[in-house]
Amino acid sequence: KPAAAASASASKAATSGEVARAQFTTAITNHEPTDDVTTLDNSHTKIYFFTDLKNMSGQTVTHRWSFNGNTVAEVKLSPKAAHWRTYSSKVLDPVMTGTWSVEVLDAAGNVLAKKSFDYTKAAASDAAAGGGSK
């Protein structure tokens, strides 16, 4: 029975931390997101997913990236302090318009947070006006 108690407390420890903030952004400056993206047009080809983690030092946190409900990448992160800001990023293929999401998972696979954004086709007038940069 002591082993079962230890197992239960270990499972509880895996979810003892929290995600204080989670958001998509087009850039990270000084360890902070520069904007909060919910819709992005396909003239942009890079996106970041920022998370502000509390009390998760020494644990493994995963950013699971999905496109239209299908997992396309998993990024493992290892917070090194009680308050840890981190991010992962994705280079977007402009033809892959639709819904992108990231789930933040603890080591046990529990979903701590989930966010999504819509990747849309750029309006023809935006492209003609030089909306994209090279």
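From a predicted model like this one, the values you see are computed outputs, not experimental measurements.

1. Thoughts on the sheet that holds strand β9 (residues 98-105)
For sheets, the rule is that strands pair by backbone hydrogen bonds, running either parallel or antiparallel.
Here comes step 1: Overall, mixed pairing links the five strands, which are arranged β4-β10-β9-β6-β7 in an open sheet. Each end of this open sheet is capped by a strand with a single partner; those strands are β4 (39-41) and β7 (70-77). Within the sheet, the average angular offset between the axes of one strand and its neighbour, ignoring direction, is 25°.
Here comes step 2: One ladder, built from seven bridges, connects strand β6 (residues 61-67) with β7; its direction is antiparallel. Residue pairing for β7: H63 is matched across the bridge by V75.

2. Some points on unusual backbone geometry
Here comes step 1: Located in the positive-phi region is H31, a residue other than glycine, with phi close to 65°.
Here comes step 2: Looking at where H31 falls in the secondary structure, it is placed in the loop between β2 (28-29) and β3 (32-33).
Here comes step 3: The class for H31 is exposed, based on a relative accessible area of 55%.

3. Quick look at the confidence of the model for the protein chain
Predicted coordinates in regions of low pLDDT should not be interpreted in detail.
Here comes step 1: Of all residues in the protein chain, 81% have pLDDT values of 70 or greater, and the mean over the chain is 87.
Here comes step 2: Every residue in residues 1-14 is under pLDDT 50, and counting partners more than four places away or in other chains gives four contacts.

4. Concerning the pattern of salt bridges
Here comes step 1: Across all of its chains, the model carries five salt bridges by this definition.
Here comes step 2: Note that R21 and E32 form a salt bridge whose closest N and O atoms lie 2.8 Å from each other. Taken together, the positions of R21 in strand β1 (residues 18-25) and E32 in strand β3 put the pair eleven residues apart, joining distant regions of the chain.
Here comes step 3: Residue classification places R21 among the partly exposed positions, given a relative accessible area of 29%.
Here comes step 4: Here R64 makes a salt bridge to E103, at a shortest N to O gap of 3.3 Å. You can see R64 sitting in strand β6 and its partner E103 sitting in strand β9, a full 39 residues away along the chain.
Here comes step 5: Residues joined by salt bridges that share partners form a network here, namely R21, E32, D52 and R85.

5. Side note on the nonpolar core
Here comes step 1: Among the nonpolar cores identified, the biggest contains 19 residues, and F24, I47 and F117 are the most heavily contacted of them.
Here comes step 2: Mapped onto this core, the elements with two or more residues apiece are β1, β5 (46-54), β6, β9 and β10 (111-120).

6. As for the sheet that holds strand β8 (residues 83-91)
Here comes step 1: In spatial order, the strands read β1-β5-β8; together these three strands make up an open sheet with antiparallel pairing. Both outer strands of the open sheet, β1 and β8, are each paired with one neighbouring strand and no more. Each adjacent strand pair in this sheet contributes to an overall mean axis angle of 15°, direction not counted.
Here comes step 2: Pairing of β5 with β8, which is carried by nine bridges, proceeds in the antiparallel orientation. Bridge pairing links T51 to T86 in β8.

Rules used in this analysis
Residues numbered from 1 in each chain as written. Predicted model: local features only at pLDDT ≥ 70, side-chain atom pairs only at ≥ 80, totals over all residues. Heavy atoms only, no water. Pairing = 2+ DSSP bridges. Helix = DSSP H or I, 4+ residues; strand = E, 2+ residues; numbered from the N terminus. Axes fitted to C-alpha atoms, helices over the stretch in contact; angles between N-to-C directions. Buried < 20%, exposed > 50% of the residue type's maximum accessible area, 1.4 Å probe, protein only. pLDDT = per-residue confidence, 0-100. Contact = heavy atoms within 4.5 Å. Salt bridge = Lys/Arg side-chain N within 4 Å of Asp/Glu carboxyl O. Core = buried A, V, L, I, M, F, W, Y, C linked by side-chain atoms within 4.5 Å.

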